[in-house]
Amino acid sequence: MAEQQEQAAADAMMTRIGQVLMLFHGGDREEARSRFLDLWAEIGEDGDPLHRCTLAHYMADTQDDPSDELAWDLRALSAADELTDDRVAEHHRSLAVRAFYPSLHLNLAADYVKLGRSEAARSHLRRARATVDVLGDDAYGDGIRAGIARLELTLDQEGPSGGTSEPTPGHRRGPGGETLGPPRQRP
């Protein structure tokens, strides 16, 4: 009985995270950020790694400052490193932890591009590329692969020195600009 109650509480937290995500997608970025912070305080730094990974992954999107976005994406990666396939399967049977890494590394690479740290971006982009084979041949996997290709193109335009070249017409980066990675999806 206690195990069922614990599972229900875990599912309730994922539901609450999803509700805040809907608020964010509805355009209320400030309110979503505030509610995510409340949930983060409730989960705690040592809480369930699935909850921390999921919440930090989405919290990064609500940030205005690229340094803050990076900090949240690093929290998501750290929590993913603590996850087990068994815990992820409790949430959804078809998920595996290794499938989180292409997106997590792609998002970190995009953060580093925004911060002008092209070598760190390239490092995470290589990690994303190295793990992408675990993704399905579906819309999500295609989105991650396309995000990797776009970011590789962006970094190639910068050249090996890491200096920035002029973006191509219609290509914007950074706060208020185009998202360099694919849309985040709920793990």
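The paragraphs below set out a description of the structure included in this document. Here the structure is a predicted model, which means the values were calculated and not measured. (Residues numbered from 1 in each chain as written. Predicted model: local features only at pLDDT ≥ 70, side-chain atom pairs only at ≥ 80, totals over all residues. Heavy atoms only, no water.)

**Some thoughts on the nonpolar core**
Applicable threshold: Nine residue types can take part in a nonpolar core, namely buried Ala, Val, Leu, Ile, Met, Phe, Trp, Tyr and Cys, and a core is a set of them joined through side-chain atoms within 4.5 Å. Using a 1.4 Å probe on the protein chains alone, a residue whose accessible area is under 20% of its type maximum counts as buried, one over 50% counts as exposed, and one in between counts as partly exposed. By definition, any uninterrupted DSSP run of H or I lasting at least four residues is a helix, any uninterrupted run of E lasting at least two residues is a strand, and each is numbered from the N terminus.
In terms of nonpolar packing, the biggest core is built from 47 residues, with Ile17, Phe36, Leu55 and Leu151 touching the most fellow members. Contributing elements (two or more residues each) for this core: helix 1 (2-25), helix 2 (29-43), helix 3 (49-61), helix 4 (66-82), helix 6 (101-114), helix 7 (118-131) and helix 8 (139-158).

**Overview of the packing of aromatic side chains**
Put simply, the test is: Pairing of aromatic side chains requires ring centres within 6.5 Å, counting the rings of Phe and Tyr and the six-membered ring of Trp. Pairs whose planes differ by under 30 degrees are stacked, by over 60 edge-to-face, and all others tilted. Two thresholds decide whether a charge sits over a ring: the Lys NZ or Arg CZ must be within 6 Å of the ring centre and within 35 degrees of the ring normal.
All chains considered together, the criterion is met by one aromatic pair. Relative to tryptophan 72, the ring of tryptophan 40 has its centre 5.0 Å away and its plane inclined at 85°; by these criteria the two rings are edge-to-face. Taken together, the residues tryptophan 40 in helix 2 and tryptophan 72 in helix 4 connect sequence positions 32 residues apart. Of the two residues examined, tryptophan 40 and tryptophan 72, each falls in the buried class. Taking the ring centre of tryptophan 72 as reference, the NZ or CZ of arginine 75 above it sits at 4.2 Å.

**A look at the pattern of salt bridges**
Selection rule: The rule for a salt bridge is simple: a side-chain nitrogen of Lys or Arg has to be within 4 Å of a carboxyl oxygen of Asp or Glu.
Tallying each qualifying case throughout the model produces 13 salt bridges. The salt bridge involving arginine 33 is made with glutamate 30; its shortest N-O contact spans 2.3 Å. With a gap of three residues between them, arginine 33 and glutamate 30 both fall in helix 2, about one helical turn apart. Overall, arginine 33 belongs to the buried group, its relative accessible area being 12%. Judged by relative accessible area, which is 49%, glutamate 30 ranks as partly exposed.

**Things to note about the packing of helix 7 against helix 8**
For the record, the criterion: Every angle, taken between N-to-C directions, lies between 0 and 180 degrees, and every axis is a line fitted to C-alpha atoms, over only the stretch in contact when it is a helix. Roughly parallel here means an angle under 35 degrees, roughly antiparallel means over 145, roughly perpendicular means 65 to 115, and every remaining angle is called oblique. It is the rotation of the near helix from the far one that decides the hand of a crossing: anticlockwise by less than a right angle makes it left-handed, clockwise makes it right-handed. Should any heavy atoms of two residues lie within 4.5 Å, those residues are counted as being in contact.
Relative to each other, helix 7 and helix 8 sit at 150°, their axes nearing to 11 Å. Viewed along their axes, helix 7 and helix 8 adopt a mutual orientation that is roughly antiparallel. Once helix 7 is placed against helix 8, the crossing between them reads as left-handed. Seen from helix 7, the contacting residues are Ser118, Ala121, Arg122, Leu125, Ala128 and Arg129; seen from helix 8, they are Ile148, Ala149, Leu151, Glu152, Leu155 and Glu158.

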